Amino acid sequence: MLKDIIAKDLTVIFCGINPGLKSAEDGHHFSGRSNRFWKVMHQSGFTPYQIDAENDRDILDFRLGLTTAVARATSRADELSKDEFDSSLEFFKTKITEFQPKYIVFLGKAAYQAFSKKKQISWGPQPEDFCGSIVWVLPNTSGLNRGFSLDDLVEYYRGFYAETQK
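Residues numbered from 1 in each chain as written. Predicted model: local features only at pLDDT ≥ 70, side-chain atom pairs only at ≥ 80, totals over all residues. Heavy atoms only, no water.

Comments concerning the packing of aromatic side chains
Okay, step 1: Considering all chains together, one arrives at 22 aromatic pairs under this definition.
Okay, step 2: Between phenylalanine 106 and tyrosine 112, the aromatic rings sit 5.0 Å apart at their centres with planes inclined by 40°, giving tilted as the arrangement.
Okay, step 3: What makes phenylalanine 106 buried here is its relative accessible area of 0%.
Okay, step 4: According to the relative accessible area criterion, tyrosine 112 is buried, its value standing at 1%.
Okay, step 5: Judged by centre distance (5.5 Å) and plane angle (90°), the ring pair of tryptophan 123 and phenylalanine 148 falls under edge-to-face. Taken together, the positions of tryptophan 123 in the loop between α4 (110-116) and β4 (124-125) and phenylalanine 148 in the loop between β5 (134-138) and α5 (150-164) put the pair 25 residues apart, joining distant regions of the chain.
Okay, step 6: The partly exposed category is assigned to tryptophan 123, whose relative accessible area is 27%.
Okay, step 7: Members of the aromatic cluster, connected to one another through ring pairs, are Phe14, Phe30, Phe37, Trp38, Phe46, Tyr103, Trp136, Phe160 and Tyr161. (Phe/Tyr/Trp six-rings, centres within 6.5 Å; stacked < 30°, edge-to-face > 60°. Buried < 20%, exposed > 50% of the residue type's maximum accessible area, 1.4 Å probe, protein only. Helix = DSSP H or I, 4+ residues; strand = E, 2+ residues; numbered from the N terminus.)

What follows is the structure in structure tokens.
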């Protein structure tokens, strides 16, 4: 099982769709060999060095946290059902309300679409908050997300990082 890395009053909580099998097995966020999250976090300015997945708790040092929308691990996020998102929503809302990050960032559109019940989601800031947190949607860093190169991901995340510095 993959545990949240979370604390009160963080600047950002990054929300993955659900754990990958490797992350669930070893208990570290974004530990899959092809996942680009830690590289993107460093290259976009969020961390002064590239955190290794086994040191994922270090992210708290930068007022950042990690969670997932759905707890069940899968090899692919598209294996999750609508019912799994629906049954996760209340627990997720309770968590965000309790911890009150300034921003909640959904990695990929799937979880935010399921939670907001919106059919169309754009990348970037969203017009409404989520339990008092400002919402952004950024491309997923999974290696399965071939639609975004490393440079594309860094550009999106760097734009969000600049927003957090205002």
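Some points on the side chain of glutamine 126
Okay, step 1: Structurally, glutamine 126 is set in the loop between β4 and β5.
Okay, step 2: Residue glutamine 126 is classed as buried on the basis of its relative accessible area, which comes to 11%.
Okay, step 3: For glutamine 126, the residues in contact, after removing those within four places along its chain, are Tyr112, Ile121, Val135 and Val137. (Contact = heavy atoms within 4.5 Å.)

A few points about the nonpolar core
Okay, step 1: In this structure, Phe14, Phe37, Ile59 and Phe160 are the most contacted members of the largest nonpolar core, which totals 24 residues.
Okay, step 2: Elements represented by at least two residues in this core include exactly β1 (12-16), α2 (37-43), β2 (64-68), β3 (103-107), β5 and α5.
Okay, step 3: Discounting chain neighbours no more than four positions away, the residues touching phenylalanine 160 are Val12, Phe14, Phe46, Tyr103, Val105, Trp136 and Leu138.
Okay, step 4: Among the nonpolar cores identified, the runner-up in size contains 23 residues, and Ile17, Leu80, Ala111 and Val137 belong to it. (Core = buried A, V, L, I, M, F, W, Y, C linked by side-chain atoms within 4.5 Å.)

Details of the sheet that holds β2
Okay, step 1: Strand order in the open sheet formed by 5 strands is β2-β1-β3-β5-β4, and the pairing between neighbours is mixed. Unpaired on one side and paired on the other, β2 and β4 mark the two borders of the sheet.
Okay, step 2: Bridging between β1 and β3 involves 4 bridges; their strand directions are parallel. Its bridge partner lying in β3, valine 12 is registered against tyrosine 103.
Okay, step 3: The strands that helix α3 (residues 82-99) touches are β1, β2 and β3; relative to β2, the one it contacts most, it runs at about 165°.
Okay, step 4: Each of β1, β3 and β5 is contacted by α5, which is oriented at about 165° to β5, the strand it contacts most. (Pairing = 2+ DSSP bridges. Axes fitted to C-alpha atoms, helices over the stretch in contact; angles between N-to-C directions.)

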